[in-house]
There are 2 protein chains.
Amino acid sequence: MSPRSGRRAGDTDTRQEILAAARSRFAEDGYDATSLRSIARLADVDPALVHHYFDGKADVFTAAFELPLQPEVLLPRLLDGPPDELGERVVRLFLGVWRGPGAEHIVGILRSALTHDAAAAMLREFMTATMLEGVARAVDTDRPRTRAALCASHLVGLGVLREIIGFQALRDLDDEEVVAWVAPTLQRYLTGPLPD
Amino acid sequence: MSPRSGRRAGDTDTRQEILAAARSRFAEDGYDATSLRSIARLADVDPALVHHYFDGKADVFTAAFELPLQPEVLLPRLLDGPPDELGERVVRLFLGVWRGPGAEHIVGILRSALTHDAAAAMLREFMTATMLEGVARAVDTDRPRTRAALCASHLVGLGVLREIIGFQALRDLDDEEVVAWVAPTLQRYLTGPLPD
């Protein structure tokens, strides 16, 4: 996110300093324990400046790691439409992220999460605090977080095998075929009856 | 696998030399292009000795990387039972692998596959050549490899999020709950009608 107004020399530097401080604090303390105040302190800027540049903690996080996932943009798109097409919208959004700018950063974050406990904790807390909570809140059923996490598990594996490792049988599917196969699964996870 | 008979001093060394040569050849040439003969040549042993210690290429591969996945053991277990419980057997087998010896090597292989193209190619070829082919052959429907790959994508993601990254919402599920949620998905992927 660029400064909203009053751009002047030094703005870019200040923003970069805030992001560098954010990467450091998130990596050290995890997502939950990091406050915008502690980031401001490390960057040696007034906390109001952090709020000037960013719309809250999730926004700082996605900018710091250049993630193409902005919950405040993505969630409304997910929730806008018939409830019985939620699974389909989730799959389409997921496929769009891989085709969009910044997809390579997902690979980096995922790789770090498999290698470093701190990165794993950070990713876990971020996803729990933002994406999953958002989807879960939208799903007015029992066990919303279980349902959202089951969806995430399928999509992460699909991303790893189809986009990163490059399984031919999955690469041979075009996006519409992926939607046709996977959307009913996510729909059941999100809105289907609890299993016995 | 230990030598079948005639154990004598030097057996363990020979086996280890074969495995070291196998790791080197698989890493360099990939799974498909590596022959038992080329492994024997690098280990400077007679090819018959490789056949003495191992039941073919997949067996050498799983031993070389200490993978707790032996297709010749796992596949018959998958295929033994009613076809409409295939999804459930796949999930149970998958959960069993994570509880069994050598599970930490899966993490290592997966991590390598996300980092090194060669490791990704190796894992891809091995899974395609053994596990997926085996499941696919057992599924007497259209597009068996697509079906098997969709199952794999769900299970890999479940493994990454539940076992490696440690998503709480997934850790909170016991194995029976995972079976109840995920088995119907895999059953549909394996034996359900093709989507429109």
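This structure is a prediction, so every number in the text was calculated from the model and none was measured.

Examining the packing of aromatic side chains
Item 1. All chains considered together, the criterion is met by 12 aromatic pairs over all chains.
Item 2. When the centroid spacing of 6.3 Å and the interplanar angle of 50° are considered together, the rings of Tyr53 of chain B and Phe54 of chain B count as tilted.
Item 3. Grouping aromatic residues by their ring pairs yields a cluster made of Phe26, Tyr31 and Phe61 of chain A.
Item 4. The ring centre of Tyr31 of chain A lies 4.8 Å from the NZ or CZ of Lys57 of chain A, which sits over that ring.

Some details on the nonpolar core
Item 1. Formed by 142 residues in total, the largest nonpolar core has its most connected members in Phe26, Ile165 and Val182 of chain A together with Phe26, Ile165 and Val182 of chain B.
Item 2. Among all residues touching Phe26 of chain B, those that are not within four sequence positions of it are Tyr31, Thr34, Ile39, Lys57, Val60, Phe61, Phe65 and Met122 of chain B.

Focus: the relation of the copies chain A and chain B
Item 1. By a simple turn and slide, chain A fits onto chain B: the slide is 0.0 Å along the axis, the RMSD is 0.0 Å, and the turn is 180°. Such a combination of rotation and displacement between the chain copies is what one expects of a two-fold axis. The C-alpha atom lying nearest the rotation axis in chain A is that of Gly157 of chain A; the distance is 1.7 Å.
Item 2. When the interface residues of chain A are mapped onto chain B, 100% of them again fall at the interface, so both copies present the same face.

Remarks on the environment of Val90 of chain A
Residue and element names in this part refer to chain A.
Item 1. Among the secondary structure elements, Val90 is positioned in helix H6 (residues 86–99).
Item 2. Residue class for Val90 comes out buried when judged on its relative accessible area of 11%.
Item 3. With sequence-adjacent residues up to four places away left out, Val90 is seen in contact with Leu78, Leu155, Leu186 and Leu190.

Reading guide: rules and limits
Residues numbered from 1 in each chain as written. Chains lettered and ligands numbered in written order. Predicted model: local features only at pLDDT ≥ 70, side-chain atom pairs only at ≥ 80, totals over all residues. Heavy atoms only, no water. Phe/Tyr/Trp six-rings, centres within 6.5 Å; stacked < 30°, edge-to-face > 60°. Lys NZ or Arg CZ within 6 Å of the ring centre and 35° of its normal. Core = buried A, V, L, I, M, F, W, Y, C linked by side-chain atoms within 4.5 Å. Buried < 20%, exposed > 50% of the residue type's maximum accessible area, 1.4 Å probe, protein only. Contact = heavy atoms within 4.5 Å. Least-squares fit on C-alpha atoms with pLDDT ≥ 70 in both. Helix = DSSP H or I, 4+ residues; strand = E, 2+ residues; numbered from the N terminus.

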